[in-house]
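# A look at the structure
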There are 2 protein chains.
Amino acid sequence: MSVRFELPGNVELPENLKPAGTSGKRLLEIERARASFSSNDLAVYLYGQEYLDRMARILAIVEREEAFSKHAIFYQGRSEKFRHGLRKEKRFVALANEHGWTREDQEMAEFLIDMPAAFGLHKSMWTTTIRNQGTEEQHQMFLEPSLKYEIIGCYAQTELAHGSNVQGLETTATWVPETKEFEVHSPSLTASKWWIGGLGRTADHAAVMAQLVINGKRYGPHPFVVPLRDIKTREPLPGRTIGDIGPKVGYLMTDNGFLLLDHVRIPHNHFLARYSQVNPDTGEYTKPAHPQLAYGTMTYIRAGMVRSARDVLARAVTVAVRYCAIRRQFVDRDAPQVEDQRPVENQVLNYSLVQYRLLPILAQAFAFHYTGVAMYRQYNENQEAMASGNFSLLADTHASSSALKSLVTITAANAIEVCRRACGGHGYSLAAGMGSQYADYLPQVTWEGDSYMLTQQATKYLMKTFRALYSDKNRTSDGSPTAAYIKSYLENPQQKAQISYSGDFHNPRMFIEAFGFRAAHMIALLVKKRDIERRSWNSLLTEIFRASTAHAQFVLVWNFGNAILKDDGLQKAPALQRVMQQCFDLFACYTMDTEAADFQRSGYLSSEQAELLRSKVDELLTVIRPQAVPLVDSFKLPDYLLNSALGRDDGEVYRALFDFAIREPLNGTRFNVDYTSSELGIGEEPLAKL
Amino acid sequence: MSVRFELPGNVELPENLKPAGTSGKRLLEIERARASFSSNDLAVYLYGQEYLDRMARILAIVEREEAFSKHAIFYQGRSEKFRHGLRKEKRFVALANEHGWTREDQEMAEFLIDMPAAFGLHKSMWTTTIRNQGTEEQHQMFLEPSLKYEIIGCYAQTELAHGSNVQGLETTATWVPETKEFEVHSPSLTASKWWIGGLGRTADHAAVMAQLVINGKRYGPHPFVVPLRDIKTREPLPGRTIGDIGPKVGYLMTDNGFLLLDHVRIPHNHFLARYSQVNPDTGEYTKPAHPQLAYGTMTYIRAGMVRSARDVLARAVTVAVRYCAIRRQFVDRDAPQVEDQRPVENQVLNYSLVQYRLLPILAQAFAFHYTGVAMYRQYNENQEAMASGNFSLLADTHASSSALKSLVTITAANAIEVCRRACGGHGYSLAAGMGSQYADYLPQVTWEGDSYMLTQQATKYLMKTFRALYSDKNRTSDGSPTAAYIKSYLENPQQKAQISYSGDFHNPRMFIEAFGFRAAHMIALLVKKRDIERRSWNSLLTEIFRASTAHAQFVLVWNFGNAILKDDGLQKAPALQRVMQQCFDLFACYTMDTEAADFQRSGYLSSEQAELLRSKVDELLTVIRPQAVPLVDSFKLPDYLLNSALGRDDGEVYRALFDFAIREPLNGTRFNVDYTSSELGIGEEPLAKL
């Protein structure tokens, strides 16, 4: 091998040096040869052929684009990263036009390029808000030029001191009957819009959420379009103070911004008026007919977050599983592996503690997959129902989506870090591809409803459902799985697990029943504390969080378990059915084991059964271990997306790490280490002083 | 307020805008007025006056140095960060000389400046290795010029494919009797030294760990000094291929490097020969008399890691507690706070779920404090004992230090992220000071013994102790707390918690007994599985990890509990004693609750008792809540160290966030957002192509 720098400062490596021992390439081949199923078949089953074809088609275009190259980013500071991102955005629009990319094509391209940047919120929240909340006239004014990128918008809701509590926003939009305008104003420093993606340096329009005030009376937050910058000069218009809020842990290509408005006047038609209106002549306010409709959109966004959490887990665990199948460390003294009649070090993935850390994440990815699919289906059913005036499904799907958003984002964020640590020292290199994945994923835990706060919405609904079913025992359940498990609990609150052997931890119906019972028990305790002991809501927040989590885990087990029992695609493919059943078993057993204290506290599981459960988890790790590489292969995440020396499909880990090292621009400079000298790089201009 | 940019690109904020509501400054004053003890007294008790005086003295010097400024770093790319770090290192040496800083002074300065950079490993591992393992002659050759920075060294142990398994290192040092030299060589690509701090661009010497080979026979890894670069030109010497390994998640000012050696010859006196020697005439190898001595150094390093974990927790929780006392969100409907006769939003710190996330971390910081103190004491006792030939204390202190290293690093890394999330959206800004703290702390989990792997060393010792005490019931315990709890378990393995009321969770002796019993039970199960069921070691690694964690938790409870019972400083100061007892109770109860499944599985704790325990945790959160700000104040971490808009001592959070935003250099440029244009910044040279 003789890899050379692409960047200045060549380091020439000695010729003919190879990695010691069996190559990573060969080790992955051996792993793949042990598959009990076809990774390709599993991929088609999971994603559908259309999705995979789209991925191949888009990948071929994006991975050869210089503007989408992922190399230079590693070395850039904030300003360069922002410019790199802006370049990517421009090239993206041009390519989308050139190839006539559909919305799905564009989503695929964004997924693969994986560089959220300046136009991100323009393409999502801005256009969605105008589309959903604007009138026909407003679509013409704002949406059409936005789709042509003639204007660039952003969505300005969060303020410096108000994120979670939208009702507490300080920005006001006061109706001025004399001129038929709204005056949008920031009454304090903390009223400044803050964190607004694309606002800092890019957008020329904003959908500003402001407290509507008419004749001194407040009507709560509503959306207003506020022009921000001169379209040509890009200078802020009078009365707008705008800037980027500075660097963050990730998302460095995005210009999250702040905005202070000083008595800015906008015309009447800049109030987005599809659902609520202010009569321009009388100043009379009309409120939306169905304010619940907003919850429909939320469940759609959260279905996307569950699917995206699946992809996040898949990506992190692909890297970790492949690398741990290649990395070797220590000879196993009890059972040494032998090659060429010599004991060799053990693949790290053979260590049970590594399996315990990684394989449940693999199983979770499939659990998230099935629940993501179910959520999109429920969203569609619900939209149809609401269109015909039926809002009965909304509460349950919205509550479950809140609980799931909380659980999957926390799980996925933590899982990236678990996978990174399982890669040992090299996990800390940006070459692993996991540091930046983690940094960019973290906001998911906080935005779209803080994942800790949000559990209150879910549990409030669960408690309400519990009370209704409790007070009227003859009430028939509404058909939701939530009502079903609560009813079942109420019928037999002394239920015990029917488990005598570790082999009994297998039937999806048993797990569905167990997770339902445990969630119902936690809800029952909460209702008792709140209604009988009269505990304050605040004092119960930790238990509320736990109950929401228990419900979300039930939903995951329910969707995954039902797929194992009934899914057509699996029934037709026994090899896939078998490996998915194994993953289901691991997911259910591992989750039950980590939550064993709850299951025991409810009296459902005995200490002896908890002990059996733990050995069942151990057993399942051994069962799934040989399928780990084929399973991550089935996620079909291309090297371009993984952007990881450790997770490469070809297993050439060590050459890739060297390749990464010799690209480091610092290697082109020698440094003056004499502490009395103010010269840093030799030959560079010395500093004025140290 | 009229804050102006220090960097180009002024954004002028509107005059006279203030944050809405009660100011952060006032809110912190109110918090501080509620203290049940003096923060200053607690600080003196924890650190000693000498330490606090040193901090004040050094802080006054370092915080006004431009080379130690923490502002510019936020915006820099890798190359600029490295240069910033090198500048810091040079200025540091000059200042240390100028002020005659002692080792403690320098450690304090590094702690406050918080910029690990190019000379870091020179100052620590390189000089320590030469000092500990070199002869007098070698001290003269290498140590003396190192202390004067005439040569810069690094410590080259880890290789591309070998980190944890030091015995598996590939680099060889072969004795060449003809010339009385060693030939140091990298036989493969994976033999490359990797991750070596200071090697990439800085060091001119390395202590290379290599397999000593004499006459075809291997004697295991030994340390050799290998000159790397020409002292003047900084060019690598012949046969050395050297470079920086590229960017990482953190530590971007440090040039972690790689090194391939191609048959490099070094003289006989470059083998560090204090403990083992090669006779230059006969080639005869003498092995070290007391190879265990190395473990002494390890326990010292780990005591430092426990103390540093305390500081890490203290820093993260200081930021989060102060900000959550200032941030308000939602009116508490059950019990609205009222100001000026209007309901106001609740301080986030009043929410029980926020308390549940933050206050146990506060309590852990104190737990780590007491154990850190105990470890340094044990290290000294042990060094004295070994000097007089007594190695009896070594095994126990080494095992406990392994278990503690694992637990405290994992706990601290996770805690930073918990604190960051508790700050909501602003926690994601680099202005919070937590993103970079996390990024720089992470390696602690992996280095100095991977925190997952390392638990094997601890548990192996625990199992051995168990077997010895089990097989000889009359054997008197060796006086270690480990032996004492195992003996107590063996005498009564059916023990139950004597708890009838939540108030019973209070006596330190009860907690010490409980944590000892639980650890012993886990060890007993492991011994049974290994010795009777003949399970493989590998199959038990998860339980081995858990047993080590249980032991480490016992040690933390033991040291903290004994301080509550006996510590002189506390006995003399009832106000401090009381608040430390509260923190102890919370630490012990919270830890027991999170591990409740273990305590229940052993039969020690019943479901009812577990339920009582949970309400005790809730109760303690309420007790400690009013003391939270005074408690974090007692850590005495200056604003310069925290480097956080959210954690400022004066509470001026929102002004500080604005100050951070307007410094962003991007705010000095307007951008061309026309997607057909290859111009990015307006007026900048357009790109050749998009």
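Basis of the calculations
Residues numbered from 1 in each chain as written. Chains lettered and ligands numbered in written order. Predicted model: local features only at pLDDT ≥ 70, side-chain atom pairs only at ≥ 80, totals over all residues. Least-squares fit on C-alpha atoms with pLDDT ≥ 70 in both. Contact = placed C-beta atoms within 7 Å. Domains from an automatic or database assignment. Helix = DSSP H or I, 4+ residues; strand = E, 2+ residues; numbered from the N terminus. Nonpolar A, V, L, I, M, F, W, Y, C, P; charged D, E, K, R; others polar. Expected span 1.5 Å × (residues − 1). Buried ≥ 20, exposed ≤ 12 C-beta atoms within 10 Å, placed from the backbone. Pairing = 2+ DSSP bridges. Axes fitted to C-alpha atoms, helices over the stretch in contact; angles between N-to-C directions. Core = buried A, V, L, I, M, F, W, Y, C linked by C-beta atoms within 7 Å.

## Here's the deal with the relation of the copies chain A and chain B
- Superposition of chain A onto chain B requires a rotation of 180° combined with a translation of 0.0 Å along the rotation axis, giving an RMSD of 0.0 Å. What the rotation and shift describe, once combined, is the action of a two-fold rotation axis. When C-alpha positions in chain A are compared against the rotation axis, the closest is assigned to A:Gly77, at 1.8 Å.
- When the interface residues of chain A are mapped onto chain B, 100% of them are again interface residues, pointing to one common binding face.

## Digging into the domain arrangement of chain A
- Domain boundaries assigned for chain A yield domain 1 (1–23 + 662–690), domain 2 (152–289) and domain 3 (295–474 + 501–632).
- Distance from the C-alpha centre of domain 1 of chain A to the C-alpha centre of domain 2 of chain A: 50 Å.

## What to know about the interface of chain A and chain B
- In this complex, chain A contributes 114 residues to the contact, which on the side of chain B involves 114 residues.
- For the side of chain A that touches chain B, the element with the most residues is helix α4 (residues 78–99) of chain A, which contributes 11 residues.
- Split into classes, the residues belonging to the side of chain A that touches chain B amount to 58 nonpolar, 30 polar and 26 charged.

## Remarks on helix α20 (residues 607–624) of chain A
- Its 18 residues place the ends of α20(A) 26 Å apart at the C-alpha level, agreeing with the 26 Å of an ideal helix rising 1.5 Å per residue.
- Every buried residue of α20(A) is accounted for by A:Gln609, A:Ala610, A:Leu612, A:Leu613, A:Arg614, A:Lys616, A:Val617, A:Asp618, A:Leu620, A:Leu621 and A:Ile624.
- If you follow the buried residues of α20(A), they end up packed against α9 (352–387), α18 (574–594), α19 (596–601) and α21 (628–633) of chain A together with α19 (596–601) of chain B.

## Re the sheet that holds strand β8 (residues 257–261) of chain A
Residue and element names in this part refer to chain A.
- Read across the sheet, three strands follow the order β4-β8-β7 without closing on themselves; strand pairing throughout is antiparallel. Strand pairing shows two members of the sheet lacking a second neighbour, β4 (193–196) and β7 (240–244), which therefore form its edges. Going across the sheet, the axis of each strand differs from the next one's by a mean of 15°, ignoring polarity.
- Pairing of β7 with β8, which is carried by five bridges, proceeds in the antiparallel orientation. Note on β8: the bridge partner recorded for Asp244 is Gly257.

## Thoughts on the nonpolar core
- Ranked by size, the top nonpolar core spans 436 residues in total, and within it A:Val317 and B:Val317 carry the most contacts.
- Aside from chain neighbours lying at most four places away, what touches A:Val317 is A:Leu358, A:Ile361, A:Leu362, A:Ala365, A:Cys419 and A:Val632.

## Quick look at the pairing of strand β3 (residues 181–185) of chain A
Residues and elements named next belong to chain A.
- Pairing of strand β2 (residues 172–176) with β3 involves five bridges; the strand directions are antiparallel. Paired with Ala173 across the strands is Val184, a residue of β3.
- Two successive antiparallel strands, β2 and β3, enclose a turn made up of four residues, where Lys180 displays a positive phi of approximately 55°.
- Sheet analysis places β3 next to strand β9 (residues 264–267), joined by four bridges and oriented antiparallel. Looking at β9, one finds that Glu181 is bridged to Pro267.

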